[in-house]
Structures are given as structure tokens and as C-alpha cells.
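Structural overview
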Amino acid sequence: MIELEGVPELIDPVMVAAFEGWNDAGDAASTAVAHLDREWKGEVFAALDAEDYYDFQVNRPTVWLDGGVRKITWPTTRLSVVRVGGEKPRDLVLVRGIEPSMRWRSFCNEILAFAHELGVEMVVILGALLGDTPHTRPVPVSGVTSDPDLARTMDLEETRYEGPTGIVGILQEACTHAGVPAVSLWAAVPHYVSQPPNPKATLALLNRLEDLIGLRIPLGELPEDARAWQLGVDQLAAEDSEVAEYVQTLEEARDTAELPEASGEAIAREFERYLRRRDVGPGQGPGGHATESDASYLRDTSSDRTRPPKPLRPETGGETGPGRQSPAGKDNEDGDGGDGGDDGDDGPQDSSEDSPED
């Protein structure tokens, strides 16, 4: 039985979830939910029993000192609630944790029980996959759903993915069968620079989430972090001619594919985002928001932030993650982060697929 003592009645709540592991290339999705929790000062009201869902030899607990007293933090999934003020206040239920090691159906049922008790109107699940996308271009973010009506009304793709799936796909299907509207947002992360963090992908997910639920999201230092990340990868790629040549190939392929796209829908979305942020104080852009079409987003020569890890050479694989590809485009089905590949990623193995799996 779920007890929600101390949780007030929520206003038009939306549940936003992300899980570390195979569905979280570059930690982009889990970092996005952590950002929401931090910026809006979320209050944790529930945590799933770690004994039920996690293998502690895979996801080990940590020991820490609190005033000389040793304490243990167990890996689990926690739920917090935030209230977004403004003319039309709205509540978000944030779900952040680790992809479970076992009993996925029970795990999803427990999440759905919370959604039911809280009156959640829609579930948005964030994910990130590795693909053949250049770091110098805007991060592709796809919105997919299993609900044909939702796909039509919210301008989303109806998923056609078939293959191995992760907890994001399982939770979305559980929501669909339970009659809860559910959407998955997938960011594509360059496979040749997959090491976390990836603030550019996190920023792209938050921008797409903002468009989807119509809320202005405070971005804090994320735009600056994204510029610093890109500058660091630019510099590292310039030091390796093979990587630079490979990035140029990806850029040409991306630009050719997107040549017809300066669609009215994309322009309208950008304008709506600007309108949400136009009440910001002087000296800032719209809400400190670095749009994906902003030229300054690509380079920031004044940044002195630490460089990210060196990108992998295209011809060397290294340990693979969700959707990892070789330069030739061949899929690799290895899991990410060593937490087992059998349960799979619920994104496609290639960001060039028709749509990511939910």
C-alpha cells in the first residue's frame, strides 16, 4: 500500500522520469532530471525498496561519514515533487534512479501506482542513445509514443522500433496498457565522445521537455557548460586528423539530410520558446537560453573550462554503450556501463532509424 503523507494535492501533475544505465548515454537524461530537481528544490517523498529491484554486486551501496557516524546510501529510485509557479502553476513528479536489475514488471507497477495516487496526467520519460551524430550540430531529440492519438495531438512519432529494450521502453508500454498517456524523449549523443557528462544533450532534452509541457525551465549554467563542452571537443578533434575527418563526414551527412528542413513547425517552436523567456532581465538572452540555432552556441573561445575526455578514434571501438556504432554504421549490441546488455536499450541501435524506441 502506498502512503503519501505530507504530499499536498497536486496541480495538473506531470511525471518526468530518467534512469541511469543503458538508456542514459553520456548521463544526459538522468542529469536533466537532476537539474530539474535542483533548480526547483524538489522534496523527496518516496523511495522504492532497493532490496526488491537491485543487484548490489552490480550497483553497490556507498558508505559515507555524517559527523563521524558511518551511513550507507543504497542504490534505488526516488520520487520528488516540485511546484512550478507563474500564472498557471503546475506540479512535476520527478522520478530518478537506476535501471533495475530484476523484477521490471513489479518496478513499473509500483511507479504507476504512485502516478495513479498522485493524479498524474502524463508521464514523460527521458533517454539518451549513442548514434552517428556530429557534436558540432544541434542535438537531435525525438519524441515518441505508443499512443496513436497522443502522436497526432502532440506532434510526436508513433514508435515502430523492434528489438532489445530497456526500462524506458518497458515503463512506456506499462503506461500505455494502464491508460496513462506516456511520451519518451530521446537525445542522440555522438558515439565518438560518449563519456559523461554531456551538457549539450542534457540542454537539448530540457528544451524539448519545455516545448512539450509548456513550462519555462530555468537552465542555470547549462548553456555555458554546453558551450564549454563543445569547445573542448572541438579542440580535441582538431588535434587528431582522423577524428576531425570523421566528424566532417558526419557533418556533411547531417547537413545533406536536413537541407529541406527549415520547417514552419520548427520556427514556431523556437518563437514560442522565446515568448516564454522574453520577461528576463536586461543583459540576458531569452532566459539565458542558448537556442540550438544560436551561432554562439557552437564556439566560446573565452571559456577556460576543463576539457572533456579525449574522443575515441573512429576505428577503435572501446567499450560500447547503448546504440554504439562503428563509423561504418554497424551496430554493436554491448550494454552500457557494464550493467548487463540482455535487458537492452530501448532506443534504436542507430539514431538514423525512423524513430527511437519508447
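Predicted model, so just to flag it, every value in this text is computed and none were measured.

Some words on the overall build of the protein chain
Scanning the protein chain for helices and strands turns up nine helices and ten strands. Residues counted as buried form 49% of the 358 residues belonging to the protein chain. Total accessible area on the protein chain is roughly 17300 Å²; 48% of this is exposed by carbon and sulfur atoms.

Here we look at the pattern of salt bridges
Opposite charge on two side chains permits them to pair, given that their charged atoms come into close proximity. Taken as a whole, this structure holds seven salt bridges when the rule is applied. Between Asp66 and Lys71 there is a salt bridge, and its shortest N-O distance comes to 2.8 Å. Notably, a salt bridge pairs Arg83 with Asp91, separated by 2.7 Å at the nearest N-O pair. For Asp91, a relative accessible area of 1% translates into the label buried.

Considering the packing of aromatic side chains
As enumerated under the stated definition, the model contains five aromatic pairs in all. Centre to centre, the rings of Phe19 and Phe107 are 5.7 Å apart; their planes meet at 65°, and the pair counts as edge-to-face. Pair noted here: Phe19 is in strand S1 (residues 14–20) and Phe107 is in helix H3 (residues 104–118), with a separation of 88 residues, a long-range link. On the accessibility criterion, Phe107 (0% relative accessible area) is buried. Ring geometry for Phe45 and Phe114: centres 6.2 Å apart, planes at 70°, overall edge-to-face.

Regarding the environment of Asp91
Position of Asp91 among the secondary structure elements: in strand S6 (residues 90–98). In the structure, Asp91 is positioned ten residues away from Val81 in sequence and 7.0 Å away in space, judged by C-alpha atoms. Setting aside residues no more than four positions away along its own chain, Asp91 makes contact with Glu9, Leu10, Ile11, Asp12, Pro13, Val14, Val82 and Arg83. Within the local environment of Asp91, its side chain forms a polar contact with the side chain of Arg83, the two groups lying 2.7 Å apart.

Considerations on the pairing of strand S5 (residues 78–84)
Of all seven residues making up S5, five are buried, and the element is well covered by its neighbours. Looking at chain direction, strand S2 (residues 43–47) and S5 are connected through four bridges and run antiparallel. Each bridged residue has a counterpart across the sheet, and for Val44 the counterpart in S5 is Ser80. Looking at chain direction, S5 and S6 are connected through seven bridges and run antiparallel. Pairing of Val82 across the sheet is with Leu92, part of S6. Taken together, S5 and the strand that follows it, S6, pair antiparallel across an intervening segment of five residues, in which Gly86 is found at a positive phi of about 120°.

Some words on the confidence of the model for the protein chain
With 70% of its residues at a pLDDT of 70 or more, the protein chain has an overall mean of 78. Averaged pLDDT values over the elements of the protein chain bottom out at 54 in helix H9 (residues 264–277) and peak at 97 in S1. Under a pLDDT of 50 for its full length, residues 280–355 has, in the predicted model, 187 contacts with residues more than four places off or in other chains.

Points about helix H6 (residues 199–213)
With 15 residues, H6 extends 21 Å between its outermost C-alpha atoms, agreeing within 8% with the 21 Å of an ideal straight helix rising 1.5 Å per residue. Burial within H6 is extensive, with 15 of its 15 residues counted as buried. The first or second residue beyond H6 is Gly214, which carries a positive phi of 70°.

Considerations on the state of the cysteines
With the rule as written, the count across this model stands at zero disulfides. Of all cysteine sulfurs, the one in Cys175 lies closest to Cys108, which takes part in no disulfide; the gap is 7.6 Å. Given a relative accessible area of 1%, Cys108 falls into the buried group.

Focus: a nonpolar patch on the surface
Together, Val63, Ile72 and Trp74 make up an exposed nonpolar region whose accessible area comes to about 280 Å². Within the element layout of this structure, Ile72 appears in strand S4 (residues 69–73).

What about the environment of Thr159?
Structurally, the position occupied by Thr159 is in the loop between strand S9 (157–158) and helix H5 (167–177). In sequence terms Thr159 and Ser184 are 25 residues apart; their C-alpha atoms lie 9.7 Å from each other.

Calculation notes
Residues numbered from 1 in each chain as written. Predicted model: local features only at pLDDT ≥ 70, side-chain atom pairs only at ≥ 80, totals over all residues. Heavy atoms only, no water. Helix = DSSP H or I, 4+ residues; strand = E, 2+ residues; numbered from the N terminus. Buried < 20%, exposed > 50% of the residue type's maximum accessible area, 1.4 Å probe, protein only. Areas by Shrake-Rupley, 256 points an atom, 1.4 Å probe, with all protein chains shown as cover. Salt bridge = Lys/Arg side-chain N within 4 Å of Asp/Glu carboxyl O. Phe/Tyr/Trp six-rings, centres within 6.5 Å; stacked < 30°, edge-to-face > 60°. Contact = heavy atoms within 4.5 Å. Polar contact = N/O pair within 3.5 Å; in protein donor to acceptor, adjacent residues only side chain to side chain. Pairing = 2+ DSSP bridges. pLDDT = per-residue confidence, 0-100. Expected span 1.5 Å × (residues − 1). Disulfide = S-S within 2.5 Å. Patch = residues over 30% accessible without salt bridge, like charges linked within 9 Å, V, L, I, M, F, W, Y side chains within 5 Å.

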